[in-house]
Structure formats: C-alpha cells, structure tokens
Amino acid sequence: MVTLSAQLTAVLGPTNTGKTHFAVERMCAHAGGVMGFPLRLLAREIYDRVVALKGKAQVALLTGEERIVPETARYFLCTAESMPTDSAFPFVAIDEGQMGADPERGHVFTNAMLHFRGTSETLILGAETLRPLIRRLLPDADIRTRPRLSQLRHVPSKKLSRLPPRSAIVAFSAEDVYALAEMLRRLKGGAAVVMGGLSPRTRNAQVALYQSGEVDYLVATDAIGMGLNMDIAHVAFAGLAKFDGRRHRRLTASELAQIAGRAGRHQKDGSFGTVQLGTGEEGDRPLQLEPSDVEAIESHVFPPLKGLYWRNARLDFSSLHRLIMSLDARPSSHELVRGDDAIDVAVLKRLAGEPWVMERAQGRDRLMRLWAACGLPDYRKTGAERHARLVGRIFRHLSEGHGLLPGEWIRSELAVLDNVAGDIATLSDRIAAARTWTYIAHRPGWLQDSDGWAERARAIEDKLSDALHQRLTQRFVDRRTAVLIRDLKLRDPDLAVSVDPDGAVVVDGVVIGKLTGFAFAPDPAARAGEKRRLLAAAERRLARELMQRAAALRAAPDAEFALGFDGTMPPRLLWRGARIAALRRGRSALLPRIELDRSLDSLPTQERTAIEARLRSWFAKTLSNHLAPLLQLEASADRLFPAARGLTRQLIETMGILPRAAVESLVAGLEPADRRLLRAAGVRFGVVHLHVSGILKPEATRWRLALWGVYSRVEHMPLPPHPGRVVIPVDPAAPPGFLAVAGFWAVAGFAVRVDMVDRTARAVHAQRLAERASAGGFRPDPALARALGMSAPQFARLMRALGFRTASGDGCYAFAGRRRPSRARSAEASPHFSALQDLMGG
C-alpha cells in the first residue's frame, strides 16, 4: 500500500453530478494514474473512454476476470479489489466511496480511502453522506460538493400499463424481475432485464437493447444503482424492501436515492415513484414512498453514515493462527466497524479447522497462497460452506507437487460448462461458474499457460452470455410489437421492409404478418390491440409493394387468374391464388358484375379501373371457353319464334338444363325451324330433361353453379359434385334448383346426372319396344345399372321415376305411360311418353 502526502480531495454529491467525468479529466491531465470502481462493468466503460483519449497502448484494465496490461500502460482502470497498491501513481481516485458502508466489500473501499494515495493528487468520489466520516478520518481532505445537473421529482404511483416510455422498474428478486418483464411484454412489447447476477456481457447487451429504443422499458434490481448511465426518464419502484443477506428490511432513503438517481441523466430532468401492481380491491394497500423519503430524495439530503467497515490490512502470515488473529483485529477508531461478513474470512476459518490444511499451511508462502485462494469470489452464491469445498480443492493442488492446478481438471470443468442449452436460470448458473474459472485463470502462478486458460474460459463465458441475452430477449421482448411501437412512435424511415416469396411481411427483421394478393393479414399470434397497429404499419409500409403488384396484375397472363368457388358465396376471382374481386348480380346470369376486393381500396382510382378492365377481359374470354354453347344459345334467341324464345330464356336462367315436364307445352309448340335452330345451338331434347351440350363438364358445371348462385341470390350451397360422379346423395340443405343446375335429377334420396338419365331412358324404351314387351313386362339389361354404378334397389327407384312399374316375374318392368292423343294435350299426358314419341318419330 502506497501512503504518501499529496493533495487529497473528496468530491461529494448525489448521482448525475459528473463526479466520475471530472475524475477522468483529472487523471488524464497527469502522466499516469489509477481509478478504482465498484463494478467490473463501470471499470470497462471508463477504460473504453480513456482508450479513446490516450490510445490503447497507454491504458490498462484490471478486474478479477479481465487483465489487459500493455507494457507501456500508464493509466489503470480497476475494480477496487484489483487496484495495484504496490506501485506509485501520480493520480489515484476511488469511486463510490460510500461503498465503505457495505458489510461484505466495505473494508476494501475503506482501506483504499485511508491509505492509497497518488504522488500528486488523490480523489475520493462519493455521496454527501460520507462528509462527517471524511472530516473525522481524513481531516486534511479538501471536501467539495457538486450539485446534481438535473432535477429529480416525485410523481404519484402509476399502474404498470400507464408508465411512460423510457422507464426503469426496480424490483428486488429475480422472480419479481421476471414477472414484471413478462407483464411488460404483454402490455408494452417487452423490456430489457438487468440484474446483478448477469454477466457484464449479458448486462451490456440488455442495456444496448434498451438504449437502441427497441424496447422502452427496463426491469432491474438495485444493480441499476451503480455503473449504468442510460437514457432513463422515470424510475418506478415495484418494492421498497429487500433481503440483504441477513434479514429482510426496507431500503434507506439514501439507497432509494442511489436507484432513483438513474432517472434524468446529464441536464435532462427525471422522475421517480412507485408502480401499482395490486388488484385495486378494497384492502389492497398501494405501494407508497414515505413523505420523508420523497423529501430526502428530491432535496438530496440524507442522514450521514455512522461508520465504515474496516479490516486490518497489515496481515500476519507467520502462522495460520496469527493470520486469523490479524484478520480479527479491531479498529482503533470509533468511526470504523470491523467487517465480519466477508466470505473470504468465513472460508478461511472453515478451512482452518481441517487437519490437512493446518498441516500444509506452514510458512509465509503457503499461507499467502491459502489466503489468495480464499479470496476467490463466490460468483455462484453457494454460501461459505460449499464455496469452502471448492477453495479447499484449489489449495490442495496449490500446496502439492509443482504448486499448479492440474490442466485436466480445468479442461473437464470447462467442457461441462461449454453448453448453451437450457433455460435462463441454467445459463446464469453456468456463467457464474465460468466467471469463477476466468478469475482462477488470471491468478499469477496458479496455472501453466494461464493466458490460454483465461482466453478459453472467457470465450465460454462470452458464448453463454450471448445465449443468455438471446433467451432473455426471446422471453421478455415481443420483437413484433417492439418494432410496431418504434414505427408508430418515430415513423422511422430507416425501418427495412420486405415481402418474402411466400408473402411474409418483414419489418426490420421481424415478421408482422402476411400479404396475400393485396390483403394484409396480421400475424395470428398478435393480440387484438397489436393487430390494429400491425394494420396501420402495413398501410404505411406496403404502398410501394401494392403498386408493384397492381402493375404485375395488369400485365399478368390469363393463366394466373382463376375462379374461386367451393360453394361459398359470392364466388371470388383469384390472381395467383389470392382473392382480388367477387362476382355480384348483374343484368343476367351470364353477365355478373365484378366487384373489386376491399384490399385494393388503397390503390389509386386509375389503377383500380385498369385492374377491373383486365378482370372483365379475362372473365369474358374464360366464360366463352367453358360456356360457349350457352353464349351461342343466348345470341340466337332473337331469331326464334316466341315459344322457342321463351324456352331459350328459361334455359339461360337455369344455366342450360330444364326438366322437360316443366316446359312440355313449349316443346310441343316448337316449329320445325325452331327445333333445327335449337339443335344447331346444342340443345338436346332428352326424355326427362332438355340440356345444352358440353355444359356438364366439371369446370363448366362449376362456373354455371357460381353464376346461377350469384344471379339467384343464393347465400350458400354445397360443394360442386365431384368430377366423374354419375350418382350422388341428395343434400337436404342444398338450395332449390341446385341439383338441376349441377346437372342432376333427384330420385328418392339420390340424384343421377341428367345425360345418364336420358341415356338410360332411351335404352330401356328401346329394349321394351324391341322385345315388344307384353303386360308381363321385360327385364332391363343389367349392364345399365352397372354403367350407372347403382345398386339393384336404386335402379328400381330410377325405373319407377321413369314411368315404369314392376310386373310379374323377378326384375321385370312394364311401362305405365300411355300415348298422348294429340300434341295439344301433351301437357296432360305422361311427359316421358311424349318424349318417347319425339324420340321414335311420333
């Protein structure tokens, strides 16, 4: 320890007074210097800042787990425990001096403040609560006060959902931190997480997540109180008590201020308060700060510290007993309190009771090695007893043979840790263990090739830290919602937007939904509130993509369009499988109106008009391909006599198929010339039906059903009959007329395709006439039933529907109809017999 007489200054004040910045400026003004910090994270931050000012070759970083010491280094940034006290420096600074009141680490800060001096200048940085103790312990110190650069004010308690952006929510257990982060994920899109148990690399990554604006909220333990300078506008306490290792207690006003002071950095004002997490029911008392605490935090006036923890720095290594006695020495000043809670002393006392330790801990060198091993930090927080077992194993290896830890042991331990599988808790435990081995690797004289082991342990720690950051982000950040909030808040023009080949819309690397044709559908996993924001974001971000698609649609070949119809009304017009329009009722069944889909509403009127014209062109061409006979029949209607014209109009309205019984009077009144014209147009006069040739093909049937459904204002219909089916079951829910338009004739529970009905009728009548069947009837050819795919009972019902009755003899039928006396009475006669006369030429 270097103790010299030089300028000693204590710079005191609340948070955000620029004390650390002032100390860095003073150090850089000297030829060299050293600064001690309470956190490795803060030491690293200041190291990077000094490197930018002085260059890498002149700056060193010393912590328990990092050692960067160039040969020409003159400026040393360290954790308080790692300060090189055996060297002289022109400048020395100890940051956060009030840490001397910490039961476990306080003696380190107290010792540095009392004894470590720069040859030219020494600075002690800390809270105003240190003033009385510095006055009494260091009477020669020049005490200066620096005011806070911004105002800190209290605001009433708020619900979690009402916290303003750029808020930090503070809890005092990992369980509470995780629960709050989970709630913020649902309410606000997510939060970054900062806890003392995180590795510096993970903590930095989480801080960067918050600082970048990807999330607007930070959930942290009291670890946020030191070494984290962030853009925080508001600090909300989710609790006011914590377990300090010995008991559960309420935080003091100065501890609350250290945390609340993170709000309003530099000259930007900040606020603090509590967050209301209760149900709001009667008896649910809201969390409130005491008025005295609020006044103290706002005015930065707190009760002074009554004492600092101290431990004898002049240790006696002549024997194990004397070493323990020197550690138990009491301070000579009433302002100093002996620290009994440090884990290194607790581990030493446990090992001192082991016979093998007493036997080996002989001589100064061995005792110094034992004490150095006891200084291994308990990163895993396993407690003194379990930690002592690890320290004992280390000392056993250091006190035998070559006095080095076996490489095989280190290798096996690191191999177990080199695994990124597992949840947050598992990865955190592995990182703590990896930090232990990183610390061990940096101890001089403990390992052969210590630099190699340190690099390997650090690489594993970094890999685990990256995996932990990824797990935290996956669990507590809804990246889709975070991107939306950023988009809505900033209208960020730099957000990258792309549409994948499968239609996935990606904004800044996050899938927010899918674009099918011109319709954007939000991610199904999004909540209701998110879906509204997703639609708003898509409307702004997809305008260019939609215009490009409109141009592609106008230039698309006919093969890219299709009729989408599966029974659901109205029928859709599809482009590349996506809905772009619907068919609505028009002037006639064959001339429906095309109505563009609402997803095209955002397009300019000119584009919509051009798209509608392209669809009409495709529709007319495709309709003429599938329903040419119907179109031809419609075109020839004006050349026909009234009876034929009426028959034609009914055929058009029923999409080319009519039951003959319904129009028998019109058929009977047809002139020969009309019959020739109708036959030329493709009309087939069947025994049971009139139908237009070619319209029973599967695709023609689908189009006819779609057009008929639109014109007849049908709300829903079954699926079109499967192609190739001759006999189908009757759907009782089908709308009236469905089976007829589909090309089927209903017969007692099933339906038969009309062309097959007429073919069968012709065949059985031809067989009956050929056999000149008597009253005993005739037996139809069994091949007829097989051709229809019918069972015997079904065929029997079909025969009865065709006007036949069962006669004597198994499977014999007789025709029940009679010849009509004249064409004028054809409507009263059997329609099937009338048709048969037409068929047989009268």
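Keep in mind the model is a prediction, meaning the values are calculated, not measured.

Novice: Honestly, the overall build of the protein in this entry has me stumped. Any pointers?
Specialist: Of regular secondary structure, the protein possesses 30 helices and 35 strands. Its C-alpha atoms give the protein a radius of gyration of 46 Å, clearly above 28 Å, the size a compact globule of 842 residues would have. When its C-alpha atoms are laid out on the principal axes, the protein stretches across 140 × 60 × 60 Å. In the protein, 66% of the contacts between residues at least 6 apart in sequence involve partners at least 24 apart.

Novice: Is there a simple way to explain the side chain of Glu335 in this structure?
Specialist: Along the chain, Glu335 turns up in the loop between α9 (320-327) and β19 (336-338). Glu335 sits in the buried class, given a relative accessible area of 16%. Here the side chain of Glu335 touches Ser333 through a polar contact of 2.4 Å, side chain to side chain.

Novice: What exactly am I supposed to notice about the sheet that holds strand β6 (residues 91-94) here?
Specialist: The eight strands are arranged β4-β3-β5-β2-β6-β7-β1-β8 in an open sheet whose pairing can be described as mixed. This sheet does not close on itself; its edge strands, each paired only once, are β4 (67-68) and β8 (142-145). Here strand β3 (residues 59-62) runs beside β4; their pairing, made up of two bridges, is antiparallel. Counterpart to Leu61 in the pairing with β4 is Ile68.

Novice: Could you clarify how one ought to interpret the pattern of salt bridges in this entry?
Specialist: Think of it this way: side chains of opposite charge can pair up when their charged atoms draw near. In this structure the tally under the stated criterion is 41 salt bridges. The salt bridge involving Glu335 is made with Arg136; its shortest N-O contact spans 2.8 Å. Pair noted here: Glu335 is in the loop between α9 and β19 and Arg136 is in helix α4 (residues 131-137), with a separation of 199 residues, a long-range link. Each member of the salt-bridge network shares a partner with another, and the members are Arg40, Arg44, Asp48, Glu65, Glu66, Arg201, Arg435, Arg458, Glu461, Asp462 and Asp466.

Novice: What's the story with helix α24 (residues 672-680) in this structure? I'm lost.
Specialist: Because each turn of an α-helix spans 3.6 residues, side chains separated by three or four positions in sequence point in the same direction. Taken residue by residue, α24 has Asp674, Arg675 and Leu678 as its buried positions. Along the axis of α24, the buried residues cluster in a sector spanning 100 degrees; they form a single face. Looking at α24, the residues exposed on the side facing more than 90 degrees away from the buried face are Pro672, Arg676 and Ala680. The positive-phi residue at the C-terminal boundary of α24 is Gly682, with phi of around 105 degrees.

Novice: Explain unusual backbone geometry here, please?
Specialist: One can expect most non-glycine residues to show negative phi and most peptide bonds to be in trans. Residue Pro570 is reached from Met569 by a cis peptide bond, and omega for that bond is -5 degrees. Inspection of the secondary structure assignment puts Pro570 in the loop between β24 (561-564) and β25 (572-575). The backbone of Lys381 sits at a positive phi, close to 55 degrees, despite the residue not being glycine. Its place among the elements puts Lys381 in the loop between α12 (364-374) and α13 (384-398). Even without a glycine there, the phi angle at Ala748 is positive, about 40 degrees. Looking at the element boundaries, Ala748 is found in the loop between β32 (744-747) and β33 (750-753).

Novice: When you look at the nonpolar core in this model, what are you seeing that I'm missing?
Specialist: Note that soluble globular proteins tend to have their nonpolar side chains buried in a common cluster. Counting residues in hydrophobic clusters, the biggest one holds 96 residues, and the most contacted among them are Phe518, Leu615, Leu627, Leu647, Met655, Leu678 and Val752. Element by element, the count of residues in this core is highest for helix α25 (residues 698-711), at seven residues. For Leu647, the contacting residues outside a window of four places in its chain are Leu658, Val663, Leu666, Val667, Leu670, Leu678, Phe685 and Leu690. Among the nonpolar cores identified, the runner-up in size contains 71 residues, and Leu160, Val357, Trp446 and Leu464 belong to it.

Novice: Just to check I follow, could you spell out the sheet that holds β25 for this structure?
Specialist: Sheets are built from strands paired through backbone hydrogen bonds, the pairs being either parallel or antiparallel. The strand order across the open sheet built from four strands is β24-β25-β26-β27, with neighbouring strands paired in antiparallel fashion. Strand pairing shows two members of the sheet lacking a second neighbour, β24 and β27 (591-596), which therefore form its edges. Here the strands of the sheet are splayed against their neighbours by 35 degrees on average, with no regard to which way each runs. Across the sheet, α25 touches β24, β26 (578-588) and β27, and the angle it forms with β26 is around 65 degrees.

Novice: Explain the pairing of strand β23 (residues 519-522) here, please?
Specialist: Looking along a regular strand, one sees side chains alternate from face to face of the sheet. The two faces of β23 differ: Phe520 and Pro522 on one face are buried, but Ala519 and Ala521 on the other face are not. For strand β22 (residues 510-516) and β23, the ladder comprises four bridges, and the chain directions are antiparallel. What sits directly across from Lys514, in β23, is Ala521. The antiparallel pairing of β22 with β23 creates a hairpin that spans two residues between the two strands, and Gly517 there sits at a positive phi of about 65 degrees.

Novice: I would appreciate a short explanation of the packing of aromatic side chains in the present structure.
Specialist: Centre distance and the angle of the planes are the two values used to describe a pair of aromatic rings. Within the structure shown, the criterion is met by eleven aromatic pairs. Taking 6.5 Å as the distance between ring centres and 65 degrees as the angle between the ring planes, the aromatic pair formed by Tyr379 and Tyr439 counts as edge-to-face. In this pair, Tyr379 sits in the loop between α12 and α13 while Tyr439 sits in helix α15 (residues 424-441), placing the two residues 60 residues apart along the sequence. For Tyr379, a relative accessible area of 18% gives the class buried. Judged by its relative accessible area of 13%, Tyr439 is buried. Each member of the aromatic cluster is reached from another via a ring pair, and the members are Phe561, Trp618, Phe619 and Trp703. The positively charged end of Arg443 is found above the aromatic ring belonging to Tyr439, 4.0 Å away from the centroid. Over the ring of Phe685 we find Arg675, and its NZ or CZ is 5.3 Å from the ring centre.

Novice: What am I meant to see in a positive patch on the surface here?
Specialist: Among the surface-exposed residues, Arg153, Lys158, Lys159 and Arg162 lie close enough to one another that they form a single positively charged patch. Topologically, Lys159 is positioned in strand β10 (residues 158-159). With relative accessibility at 55%, the residue Lys159 sits in the exposed group.

Novice: So what exactly am I meant to see when it comes to the pairing of β32 here?
Specialist: Bridge count between β32 and β33: four bridges; the pairing is antiparallel. Considered in β33, the bridge of Ala746 is made with Ala751. Counting the residues in the hairpin turn of β32 and β33 gives two residues, including Ala748, whose phi is positive at 40 degrees.

Novice: Would you explain the side chain of Glu66 in this entry?
Specialist: Structurally, Glu66 is set in the loop between β3 and β4. There is a polar contact of 3.3 Å between the side chain of Glu66 and the side chain of Arg40. Filtering out sequence-adjacent residues up to four positions away, Glu66 remains in contact with Arg40, Arg44, Leu61, His442 and Arg458.

Novice: Is there a simple way to explain the environment of Val727 in this structure?
Specialist: For Val727, the location among the structural elements is in strand β31 (residues 727-729). The sequence separation of Val727 and Ala751 amounts to 24 residues, and the corresponding C-alpha distance is 5.6 Å. Val727 has contacts with Phe744, Phe750, Ala751, Val752, Leu788 and Met790, leaving out every residue within four places of it along the chain.

Novice: For this particular structure, what's the right way to read the environment of Glu354?
Specialist: Note that Glu354 resides in the loop between α10 (343-352) and α11 (355-360). Each C-alpha atom, one on Glu354 and one on Pro604, is 87 Å from the other, the two residues being 250 residues apart in sequence.

About the thresholds
- Residues numbered from 1 in each chain as written.
- Predicted model: local features only at pLDDT ≥ 70, side-chain atom pairs only at ≥ 80, totals over all residues.
- Heavy atoms only, no water.
- Helix = DSSP H or I, 4+ residues; strand = E, 2+ residues; numbered from the N terminus.
- Rg over C-alpha atoms; globule rule 2.2 N^0.38 Å.
- Contact = heavy atoms within 4.5 Å.
- Buried < 20%, exposed > 50% of the residue type's maximum accessible area, 1.4 Å probe, protein only.
- Polar contact = N/O pair within 3.5 Å; in protein donor to acceptor, adjacent residues only side chain to side chain.
- Pairing = 2+ DSSP bridges.
- Salt bridge = Lys/Arg side-chain N within 4 Å of Asp/Glu carboxyl O.
- Arc of directions from axis to C-beta.
- Core = buried A, V, L, I, M, F, W, Y, C linked by side-chain atoms within 4.5 Å.
- Axes fitted to C-alpha atoms, helices over the stretch in contact; angles between N-to-C directions.
- Phe/Tyr/Trp six-rings, centres within 6.5 Å; stacked < 30°, edge-to-face > 60°.
- Lys NZ or Arg CZ within 6 Å of the ring centre and 35° of its normal.
- Patch = residues over 30% accessible without salt bridge, like charges linked within 9 Å, V, L, I, M, F, W, Y side chains within 5 Å.
- Areas by Shrake-Rupley, 256 points an atom, 1.4 Å probe, with all protein chains shown as cover.
- Lys, Arg positive; Asp, Glu negative; His and termini not counted.
- Charge placed at Lys NZ, Arg CZ, Asp CG, Glu CD.

The values are spatial; any link to function lies outside them.
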